[in-house]
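# Residue-level structure breakdown
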Amino acid sequence: MYKKKVLIIEDEKDIAFIVRDYLKVHNFEVMIAETGKEAIYTIEKSNPDFIILDLTLPDCDGIELCRQIRENSNVAILILSARGSDTDKVLGLGFGADDYMTKPFSLSELVARINAHLRKQDRLLQDQVNNKDVIQVENMEINKIEHTFTRDQKQIQLSAKEFELLYFLIQNRNQVFSKSQLLDAVWGYTSFGDENTITVYIRRLREKIEKNPSTPVYIQTVWGIGYKFNTKND
């Protein structure tokens, strides 16, 4: 069985070893790099599936390293840092990171986030293989090229952002996303968005695609977490 490869870029050995041992228990193959130079070499040699990146490294700034990695690879990057300011988060996400956690952190949450990103990567790759510009789900079809959505062979008019949000949810169906994650995916940086925007757009979509918007079947609320597009057959 293929084990997903995770690269930990961290100069604090105690933290790196704790994370490494925990990930190994969860069936990951783990590598450690203590410097930016070592990280670049390891990425080129081993092609990891996921990167955990500390921002404070002895030979370079982690945000700059994130930018360099993203120029040459689409590998998922999670920044794990004691630097928890909004500025660092915005910079890290702006230069290509997919997620951000601050120290101290929960190992179980870290693994959950890694698995969520890897599932998303696998689905995107599968969609690319299957030319999923057109996705069919039960009695619905969403066409990214023509920017159309149909249900029961009847086209339903959606605004540009309604379409983008619905396409993202369908593309990642049965996965739960928080409001901030949806803002980031569809509108851009979460720091500059109002999470109430998501509430409004979810309501609009339910009114357009659900038979009974007050008891939605497809766009479901997962209380305390966010929303997901639910299907029975995936």
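What comes next is a walk through the structure. (Residues numbered from 1 in each chain as written. Predicted model: local features only at pLDDT ≥ 70, side-chain atom pairs only at ≥ 80, totals over all residues. Heavy atoms only, no water.)

What the rule picks out here adds up to 0 disulfides. Cys-66 takes part in no disulfide bond, and the closest cysteine sulfur to it belongs to Cys-60, at a distance of 11 Å. (Disulfide = S-S within 2.5 Å.)

Within the secondary structure, Leu-166 is located in helix α6 (residues 160–171). Overall, Leu-166 belongs to the buried group, its relative accessible area being 0%. A sequence separation of 48 residues divides Leu-166 from Ser-214, and the C-alpha atoms of the two residues are 18 Å apart. Among all residues touching Leu-166, those that are not within four sequence positions of it are Ile-142, Phe-149, Leu-158, Leu-205, Ile-209, Ile-219 and Phe-229. (Helix = DSSP H or I, 4+ residues; strand = E, 2+ residues; numbered from the N terminus. Buried < 20%, exposed > 50% of the residue type's maximum accessible area, 1.4 Å probe, protein only. Contact = heavy atoms within 4.5 Å.)

As a further point, take the nonpolar core. Formed by 27 residues in total, the largest nonpolar core has its most connected members in Ile-142, Phe-149, Leu-165, Leu-166, Ile-170, Leu-182 and Phe-229. Of all the secondary-structure elements, those providing two or more residues to this core are β6 (134–137), β7 (140–143), α6, α7 (179–187), α8 (196–209) and β11 (226–229). Among the elements that take part in this core, α6 stands out by supplying 7 residues, more than any other. Excluding its chain neighbours within four sequence positions, the residues that come into contact with Ile-142 are Asp-133, Val-134, Ile-135, Thr-148, Phe-149, Phe-163, Leu-166, Tyr-167 and Ile-170. (Core = buried A, V, L, I, M, F, W, Y, C linked by side-chain atoms within 4.5 Å.)

Where α7 is concerned, the buried positions are Leu-182, Leu-183 and Val-186. Each buried residue of α7 lies within a common arc of 105 degrees when the element is viewed along its axis, so the set occupies one face. As for α7, its buried residues are in contact with α6, α8 and β11. Positive phi shows up at Gly-188, right after α7, with a value of about 120 degrees. (Arc of directions from axis to C-beta.)

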